[in-house]
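Listed below, chain by chain, are the residues.
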Amino acid sequence: MIKAVEISKKFERKQVLDQVGFQVRPGTIYGLLGSNGAGKTTIMRILAGILKQDKGCVLIDGKAVFENVEIKQRIIFMPDILYFLPQYTVKQMGKYYADMYTNWDQRRYDQLISQFQLENKKVSSFSKGMQRQVAFCLALAAKPDYLIMDEPLDGLDAVVRQRIKGLIINDVAERDMSVLISSHNLREMENLCDDIGIVHKGKMILERNLDDMKSEVQKVQFALRKGQDTQFLNELNILHQEKRGSIHLVIIKADRHEVEALFAAQNPVVLDMLPLSLEEIFIYEMGGAGYAIENILD
Amino acid sequence: MPSKTSSIKKQVILYDLRQVGWLSVLYFLALFLIVPLNIIIKYSNQKTREIVMEKGEVFLYVPEFQWILSITVPVLLGVILFRYMHKKQASDFLHSMPVKRKTLLGHHTIVGLLLLFVPIGLNAIILITIQAVSGIGDYFNASDVLSWLGLVLFLNVFMFVITVFTSMITGMFSLHLVFTYIFSLLPAAVMFLGTYNLSILLVGFPADYYSKSMVRAYSPITYFYDRFLTSQTGNTVYSQVSWLTLTIYAAIAVLLYIAAHWLYVHRRLEETSQSVVYPFMRPVFRFGVIICFMMTGGIFFHTGSASLGWAIFGYIAGSLAGFVLVESILYKTWRVYTNYKSFLVVAGFIVLAFLATYLVKNNYENSIPSVEEVEKVYFGEFYNYEGQGVEPGMEPLYFTNEDDIELVQRLQKQIISAPQDNAWESEESRSTFIVYELENGEKIARSYFYSIEDNTELKRLQSEVENSLLYKHANNAVFNLPKEDVYAVDVQSNNIKQNSIAVTDPQLINKLHEAIKKDIELSSSEAPEELQTYSLDFLTNKDEGFYYTSFDDSYKNTVQVLQEAGIYDDIKVYPEDISSIELNNFDRNKTITVKEESDLNHILDHAVYYSEDEDSYFVTVNLNRGSSMKEELSIEYDDLPQSIKNQLEE
Ligand SMILES: Nc1ncnc2c1ncn2[C@@H]1O[C@H](COP(=O)(O)OP(=O)(O)O)[C@@H](O)[C@H]1O
Ligand SMILES: [Mg+2]
């Protein structure tokens, strides 16, 4: 488990992080969201043991990370701007990681490399997207318990993105790997994260479990019989309501079963429980805190 | 959980070797060319073997190259090895790896040292091998090789450790190299600047005395330059090295490495790409740069003008320049005036320092020990002072007699009260170095540069000292002549006639020696020198001595000995010997030949040795017999006889 407790950090005189705290549970994916300059990268560099927080603590399995080799053995940090040793080929990078990480799985590495159809060339000669793939191969072959990735999905085409997401989810499920992933784009996190935290100006302003959120908010499309009115909706917490012709669309904050039961009792002509996108949940639920969220919806 | 992690990271070493291995290979080749190959080539050629090769110094034919390599290769090595600390991406990459910082430091250090040891060590092995198997062994032995190895390795390792240390201080690749050299020269530079500036501010402060001997030992770069170069002069490397200095250097290296370790562990990686990584060092850095620039400015403007006013201008200009530079390095912007407060703080310190100097000024300048306290006093030029490399034949002069000491003190007081700023323009200036050695073992040293022109009292005291027998004995090489080594005397005629006669008769040599000593003792320093001068050059079997003295017709005893030996007429020019005089103007496009006897006498009366005046004419005296010196004398236009002037007008 990754646990950040009230970490604060100043760069020169600027307060970059102000008492940020959150947890990444084993076997889950945590999405760190925030606009540029919010402090995501700084949080991750602290978690990876590169920087030292001024206040608070970062515990991984109950131990401090900074200069702790045993813990760092189990963490892979993938920075937003990738770095490979100059002049190193794909194979040589693999050897370097193999020397560093005791869990290194060479077979898996070879497998991943061929799966992504990467030639054994100098990594610097690859395109940005291919370099990203090399970084994923390295990260996954090291079999970390904790994978920290700073805006990893930027600049990848949809096919590759999907494949990588699949690999990550697979490792999370199979090995109970915990993932911390940052993004300034909410849509990227769709169908990936278990938890989401939103950072704004160095503060954690919101933390949510997505399953909870999804089960809390329902999107219902329905059409009533003639003469029936929507009176029955009044007892519900309606976040949003619109009507197109005879079709109503409502977003309700309530338990799914409760809503289903209520609508079923009305016996409507049309009744669809629609899936909600992350975006919609945030927009409708966050009314007030929207200022921060708008920025991450670009 | 049992740790499977090995603390030796092969891949870190491999990476380092890939980065800097080539440098080590080149280093080996360069050293091989300069040392073993050079020796083999010199040895295999019969001629160079006989002429160039000398026992014990075979390693140091081109010490400059070895020295340059020794202060650049380890620095380059360190700069490349620690480059990852100065690039954000690389720094994040390596520091996110499961390796402790101290492990990284250890790995890079070991690789660096290895890459220095191997090329140097291999060359030493090659040297020992050729020494053992070939005749070259006659010129050096294994212990010579070992002391060479020790000297070269020591400097290399020291420079490398400094580079490691400075890599921790800065976050910028480009500044790493600069900081390394600044840091290795800093103590010597500060010492030099400090003493020089005190000599501007305090009359009599002997900057040379404090700096010359010590300054060069304060920086590995200068210290080892001297060791490499002096090793050439015949002594083996060993005897040139001060073990105490080496021990101090070794201790400093250890401390620097420990400091580097501490700094690395405490380095805040977010400061990567800052010029100075540790915030607490920034004020020190700022202070140091401003002070050094200030002192340099002071020296610069003072040497140009020798006036205190200009020196103060230099201080102000220098400190401002230093401020602008240091702030723009620290904050990477030229808009430095926003930070004027930090300048004011430093300026405050500077003003305090000047105030302190001013407070001690009077006391320092006028403190002259009482005669009873003084055991002896050195009087003379600085370079002749003990331990400064006394010229052979010159004895450092010490007065021990109370009257003499008192005389020196009276002269010193007169110097202090005289104006100090006219010495450069003066034709009669003296630079005098005085060291009182007190009964209690203390030494008080003062150095003065002053003019005795237009100051009758000063002139009188100066000549009283210079006319003392002790002074003459100490400052004339002939008094310290190793008689048994003299095999000949060259008696020469200077500046009119070109003639020299070698005297080899030991009896005559002895007579000449006694006569010239007597004459020097009798002569007075103020006596106007005559136009015709001669010289005696005592040649000795030992090549170190230069026992030369010039004299003129006032040296009656010497002249008499020469007359009796029948040599005098060969060097003396009599009026009837002169056939004519040739005058050439400065541009040598106008020549006049003078034959009239009255004109000849007039010209000879007014001719001087040398004049820079563009109005003056070169004088060549043509002789009836014997060859004459060309253009050794000159005469100013105003001093020419009227008839010649008329001739020139035409
Ligand atoms: N090395 C640094 N020195 C000073 N300020 C920095 C440094 N790195 C980042 N910052 C500042 O810290 C804040 C947070 O940056 P970062 O963590 O990179 O945000 P994010 O990753 O969310 O875009 C930003 O305001 C940025 O300007
Ligand atoms: Mg970022």
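Calculation notes
- Residues numbered from 1 in each chain as written.
- Chains lettered and ligands numbered in written order.
- Predicted model: local features only at pLDDT ≥ 70, side-chain atom pairs only at ≥ 80, totals over all residues.
- Heavy atoms only, no water.
- Domains from an automatic or database assignment.
- Pairing = 2+ DSSP bridges.
- Helix = DSSP H or I, 4+ residues; strand = E, 2+ residues; numbered from the N terminus.
- Axes fitted to C-alpha atoms, helices over the stretch in contact; angles between N-to-C directions.
- Core = buried A, V, L, I, M, F, W, Y, C linked by side-chain atoms within 4.5 Å.
- Buried < 20%, exposed > 50% of the residue type's maximum accessible area, 1.4 Å probe, protein only.
- Contact = heavy atoms within 4.5 Å.
- Buried area = accessible area lost by both parts, 1.4 Å probe.
- Salt bridge = Lys/Arg side-chain N within 4 Å of Asp/Glu carboxyl O.
- Polar contact = N/O pair within 3.5 Å; in protein donor to acceptor, adjacent residues only side chain to side chain.
- Parallel < 35°, antiparallel > 145°, perpendicular 65-115°, else oblique.
- Left-handed = near helix turned anticlockwise from the far one by under 90°.
- Nonpolar A, V, L, I, M, F, W, Y, C, P; charged D, E, K, R; others polar.
- 1 Å grid on protein atoms, 1.4 Å probe; cavity = no way out; pocket = protein on both sides within 12 Å on 5 of 7 lines; lining within 4 Å.
- Points joined across faces, edges and corners; volume = space filled by probe spheres on them.
- Near = heavy atom within 4 Å.
- Areas by Shrake-Rupley, 256 points an atom, 1.4 Å probe, with all protein chains shown as cover.
- Expected span 1.5 Å × (residues − 1).
- Phe/Tyr/Trp six-rings, centres within 6.5 Å; stacked < 30°, edge-to-face > 60°.

Q: Help me understand the domain arrangement of chain B, please; the structure alone is not making it clear to me.
A: Interface size, as often reported, equals the accessible area lost upon joining of the parts. Looking at the assigned domains, one finds that chain B contains domain 1 (10-185 + 217-271), domain 2 (300-366), domain 3 (371-475), domain 4 (477-571) and domain 5 (575-649). Once you take the C-alpha centre of each, domain 2 of chain B and domain 5 of chain B turn out to be 55 Å apart.

Q: Help me understand the sheet that holds strand β11 (residues 217-223) of chain A, please; the structure alone is not making it clear to me.
A: Each strand in a sheet pairs with another by means of backbone hydrogen bonds, the pair being arranged parallel or else antiparallel. Residue and element names in this part refer to chain A. With respect to topology, four strands assemble into an open sheet ordered β12-β13-β11-β14, the strand pairing being antiparallel. Only two strands of the sheet have a single neighbouring strand rather than two, namely β12 (237-244) and β14 (270-274). Pairwise comparison of adjacent strand axes, ignoring direction, gives a mean angle of 20° for this sheet. Where β11 meets strand β13 (residues 247-253), seven bridges bridge the pair, whose relative direction is antiparallel. When the bridges of β13 are listed, Ala-223 appears paired with Ile-247.

Q: Explanation requested: unusual backbone geometry in the structure shown.
A: Leaving glycine aside, a negative phi is the common case for residues, and trans is the common case for peptide bonds. Residues and elements named next belong to chain A. The phi angle at Asp-176 is positive, at roughly 60°, despite the residue not being glycine. Checked against the element boundaries, Asp-176 lands in the loop between α6 (158-175) and β8 (178-183). The backbone phi angle of Lys-201 is positive, close to 45°, even though this residue is not glycine. Here Lys-201 shows up in the loop between β9 (195-200) and β10 (203-209).

Q: Is there a simple way to think about the nonpolar core in this case?
A: Counting residues in hydrophobic clusters, the biggest one holds 153 residues, and the most contacted among them are Tyr-96 and Ile-196 of chain A. By residue number, the principal contributor to this core is helix α6 (residues 142-169) of chain B, which donates 16 residues. Within the second largest apolar cluster, 30 residues are counted, among which are Leu-17, Val-58, Ile-71 and Phe-77 of chain A.

Q: Please explain the interface of chain B and chain A as it appears in this structure.
A: In this assembly, 30 residues from chain B lie in contact with 31 residues from chain A. When the area that chain B buries against chain A is broken down by residue, the three leading residues are Gln-11, Phe-93 and Pro-98 of chain B, summing to 21%. Linking chain B to chain A there are three salt bridges. With its nearest N and O atoms 2.6 Å apart, the salt bridge here joins Glu-270 of chain B to Lys-9 of chain A. At the junction of chain B and chain A, the tally comes to 10 residue pairs in polar contact (both at pLDDT 80 or more). Taken together, the elements giving at least two residues each to the side of chain B that touches chain A come down to α1 (10-44) and α4 (88-96) of chain B. With eight residues, α4 of chain B is the single largest residue contributor to the side of chain B that touches chain A.

Q: Help me understand the pattern of salt bridges in this model?
A: Think of it this way: side chains of opposite charge can pair up when their charged atoms draw near. Under the counting rule described, the total for this entry stands at 27 salt bridges over all chains. Between Glu-327 of chain B and Arg-286 of chain B there is a salt bridge, and its shortest N-O distance comes to 2.4 Å. Linking Glu-327 of chain B in helix α13 (residues 308-331) with Arg-286 of chain B in helix α12 (residues 281-305), this pair joins segments that are 41 residues apart in sequence. Under the relative-accessibility criterion, Glu-327 of chain B is labelled buried at 1%. Among the salt bridges present, the one from Glu-437 of chain B reaches Lys-443 of chain B, with a minimum N-O distance of 3.9 Å. Here Glu-437 of chain B falls in the buried class, since its relative accessible area comes to 11%. Salt bridges linked by common partners bring Lys-9 and Asp-54 of chain A together with Arg-268, Glu-270, Glu-271 and Arg-282 of chain B together as one network.

Q: Would you take a moment to explain the packing of helix α4 (residues 106-115) of chain A against helix α5 (residues 128-141) of chain A for this structure?
A: Helix-helix packing is described using two parameters, namely the angle between the two axes and the distance between the axes. Residue and element names in this part refer to chain A. Two numbers describe how α4 lies on α5: the axes approach to 9 Å, and their chain directions differ by 155°. Regarding the angle of α4 to α5, the classification is roughly antiparallel. Seen along the crossing, α4 lies across α5 with a hand that is right-handed. Of α5, the residues touching α4 (which contributes Arg-108, Tyr-109, Leu-112 and Ile-113) are Val-134, Cys-137, Leu-138, Leu-140 and Ala-141. For the contact of α4 with α5, a count of residues per class yields eight nonpolar, no polar and one charged.

Q: What am I meant to see in empty space enclosed by the protein here?
A: Where empty space is left can be seen by rolling a probe of water-molecule size over the atoms. Tallied over the full model, the rule gives four cavities of 30 Å³ or more. Together, 17 residues line the largest cavity, and Phe-77, Met-78, Pro-79 and Tyr-97 of chain A together with Phe-93 of chain B are the ones closest to its centre. Secondary structure elements with two or more residues in the lining of the largest cavity: β6 (75-78), α3 (90-100) and α5 of chain A together with α4 of chain B. Looking at the second largest cavity, its volume works out to about 80 Å³. For the lining of the second largest cavity, the secondary-structure elements that each account for two or more residues are α1 (40-47) of chain A together with α4 of chain B. Among the elements that take part in the lining of the second largest cavity, α4 of chain B stands out by supplying three residues, more than any other. The residue inventory of the lining of the second largest cavity, partitioned by class, reads three nonpolar, two polar and five charged.

Q: Sorry, what's going on with the site of ligand 1 here?
A: In the vicinity of ligand 1, the residues found are Phe-11, Lys-14, Val-16, Ser-35, Asn-36, Gly-37, Ala-38, Gly-39, Lys-40, Thr-41 and Thr-42 of chain A together with Glu-270 of chain B. Neighbouring residues of ligand 1 are distributed over chains A and B. One of the backbone N or O atoms of Ala-38 of chain A is found 3.2 Å from an oxygen atom in ligand 1. Note that a nitrogen atom of ligand 1 is positioned 3.4 Å from one of the backbone N or O atoms of Glu-270 of chain B. Summarising the interface, the protein chains cover 69% of the accessible area of ligand 1, which totals 560 Å² for the free molecule. For the shell around ligand 1, the secondary structure elements donating two or more residues are β2 (14-24) and α1 of chain A. With three residues, α1 of chain A is the single largest residue contributor to the shell around ligand 1.

Q: It is not clear to me how α6 of chain B should be interpreted in this structure. Could you clarify?
A: Given 3.6 residues per helical turn, the α-helix brings residues three or four places apart onto the same face. Between its first and last C-alpha, α6 of chain B extends 41 Å over 28 residues, near the 40 Å set by a 1.5 Å rise per residue. With 22 of 28 residues buried, α6 of chain B is to be regarded as a mostly interior element.

Q: How should the packing of aromatic side chains be read in this particular structure?
A: Working definition: an aromatic ring pair is given by the centre-to-centre distance plus the angle between the planes. In the structure shown here, the tally under the stated rule is 43 aromatic pairs over all chains. With a centroid separation of 6.3 Å and an interplanar angle of 55°, the aromatic rings of Phe-379 of chain B and Phe-399 of chain B are classed as tilted. Of this pair, Phe-379 of chain B sits in strand β1 (residues 374-380) while Phe-399 of chain B sits in strand β2 (residues 398-399); the two residues are 20 residues apart in sequence, bridging distant segments of the chain. Using a relative accessible area of 2% as the deciding quantity, one classes Phe-399 of chain B as buried. Ring geometry for Phe-551 of chain B against Tyr-555 of chain B: centres 6.1 Å apart, planes inclined by 45°, an arrangement best described as tilted. A single burial state applies to Phe-551 of chain B and to Tyr-555 of chain B, both of which are buried. By way of ring pairs, the aromatic residues Tyr-83, Tyr-88, Tyr-96, Tyr-97, Tyr-101, Trp-104 and Tyr-109 of chain A together with Tyr-15 and Phe-93 of chain B are connected into one cluster.

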